[in-house]
Amino acid sequence: MPKTQSELDTWAEQAHANDGYYEIIDSMHRKFKMCLGIADRDGPYVDMLIEAAEKGSDKAVSLLWLLDDVELVDELKLKDVPRDEQVSRRQAFITTKYRLAHKVALQGGENLMLKLNSGFQHLYPQTGGQDYVKSLAFAYYFVEVW
């Protein structure tokens, strides 16, 4: 998300040059205007998302799953931290993300059921590898719930 008007203008120019969809460009402009109304735009939004997710917000957990590595390094302030500490903090975040997704999925969050189903096929934080059994279990659970 662009933080300044010039960043937004640059992003919009690139989107237009790459024949970006009007709906996406318009959506970014609307989100930017909405964010201008927030007093502390540089605040710890990951903490706010985690807090909302703890309260059962499907949308907040979905947004946590969208964070990329660059954003995570910036938000968790890992740039100048020793590598071992970086790894442990990122692992703690991934574990929290999976825990919250599991919690909300069991409350009926279908979006998160699908994310967990896919997530367990790629990474299970407790083992650091894949867990097809958990993935299959969520698939069966999803079918039973819906």
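As the structure is a computational prediction, the values presented were derived from the model and not from experiment.

Re the environment of Ile 25
Link 1 in the chain: Take Ile 25: it is sitting in helix H2 (residues 22-36).
Link 2 in the chain: With 10 residues separating them in the primary sequence, Ile 25 and Ala 15 have C-alpha atoms 7.2 Å apart.
Link 3 in the chain: Once residues within four sequence positions are removed from consideration, Ile 25 is found in contact with Trp 11, Ala 15, His 16 and Gly 20.

Regarding the confidence of the model for the chain
Link 1 in the chain: When pLDDT is averaged along the chain, the result is 82, and 94% of the positions lie at 70 or above.
Link 2 in the chain: The least confident element of the chain, judged by mean pLDDT, is helix H8 (residues 132-145) at 79; the most confident is helix H6 (residues 83-106) at 88.

Here's the deal with the nonpolar core
Link 1 in the chain: With 23 residues, the main nonpolar core has Val 61, Leu 64 and Leu 116 as its most contacted residues.
Link 2 in the chain: Put simply, the parts of the chain that give this core at least two residues each are helix H3 (45-54), helix H4 (58-66), H6 and helix H7 (110-122).
Link 3 in the chain: The element that contributes the greatest number of residues to this core is H6, accounting for seven residues.
Link 4 in the chain: Discounting chain neighbours no more than four positions away, the residues touching Leu 116 are Trp 65, Tyr 98, Ala 101, His 102, Ala 105 and Phe 138.

Some details on the packing of aromatic side chains
Link 1 in the chain: Here the structure, examined in full by the defined rule, presents two aromatic pairs.
Link 2 in the chain: For the pair Trp 65 and Tyr 98, a centre-to-centre distance of 5.0 Å together with 50° between the ring planes defines the contact as tilted. With a gap of 33 residues between them, Trp 65 in helix H4 and Tyr 98 in helix H6 connect regions that are remote in the sequence. We note that Trp 65, like Tyr 98, is buried.
Link 3 in the chain: For the pair Tyr 98 and Phe 120, a centre-to-centre distance of 5.6 Å together with 45° between the ring planes defines the contact as tilted. Of the two residues, Tyr 98 is situated in helix H6 and Phe 120 in helix H7; the sequence distance between them amounts to 22 residues. Comparing Tyr 98 with Phe 120 shows no difference in burial state: the two are buried.
Link 4 in the chain: An aromatic cluster is defined as three or more aromatic residues linked by ring pairs; in this entry it consists of Trp 65, Tyr 98 and Phe 120.

Here's the deal with the pattern of salt bridges
Link 1 in the chain: Counting across every chain of the model gives five salt bridges.
Link 2 in the chain: Notably, a salt bridge pairs Glu 54 with Arg 99, separated by 2.7 Å at the nearest N-O pair. With a gap of 45 residues between them, Glu 54 in helix H3 and Arg 99 in helix H6 connect regions that are remote in the sequence.
Link 3 in the chain: The closest approach of N and O atoms between Lys 103 and Glu 54, which form a salt bridge, is 3.7 Å. Of this pair, Lys 103 sits in helix H6 while Glu 54 sits in helix H3; the two residues are 49 residues apart in sequence, bridging distant segments of the chain.
Link 4 in the chain: The class for Lys 103 is partly exposed, based on a relative accessible area of 29%.
Link 5 in the chain: Residue Glu 54 is classed as partly exposed on the basis of its relative accessible area of 32%.
Link 6 in the chain: Via salt bridges that share partners, Glu 54, Arg 99 and Lys 103 belong to a single interconnected network.

A word on H6
Link 1 in the chain: With 24 residues, H6 extends 35 Å from end C-alpha to end C-alpha; this agrees with the ideal 34 Å at 1.5 Å per step.
Link 2 in the chain: Along H6, the residues classified as buried are Phe 93, Ile 94, Lys 97, Tyr 98, Leu 100, Ala 101, Val 104 and Ala 105.
Link 3 in the chain: The elements touched by buried residues of H6 are H3, H4, helix H5 (69-75), H7 and H8.
Link 4 in the chain: After H6 finishes, the residue Gly 108 shows a positive phi value of roughly 110°.

What counts as what
Residues numbered from 1 in each chain as written. Predicted model: local features only at pLDDT ≥ 70, side-chain atom pairs only at ≥ 80, totals over all residues. Heavy atoms only, no water. Helix = DSSP H or I, 4+ residues; strand = E, 2+ residues; numbered from the N terminus. Contact = heavy atoms within 4.5 Å. pLDDT = per-residue confidence, 0-100. Core = buried A, V, L, I, M, F, W, Y, C linked by side-chain atoms within 4.5 Å. Buried < 20%, exposed > 50% of the residue type's maximum accessible area, 1.4 Å probe, protein only. Phe/Tyr/Trp six-rings, centres within 6.5 Å; stacked < 30°, edge-to-face > 60°. Salt bridge = Lys/Arg side-chain N within 4 Å of Asp/Glu carboxyl O. Expected span 1.5 Å × (residues − 1).

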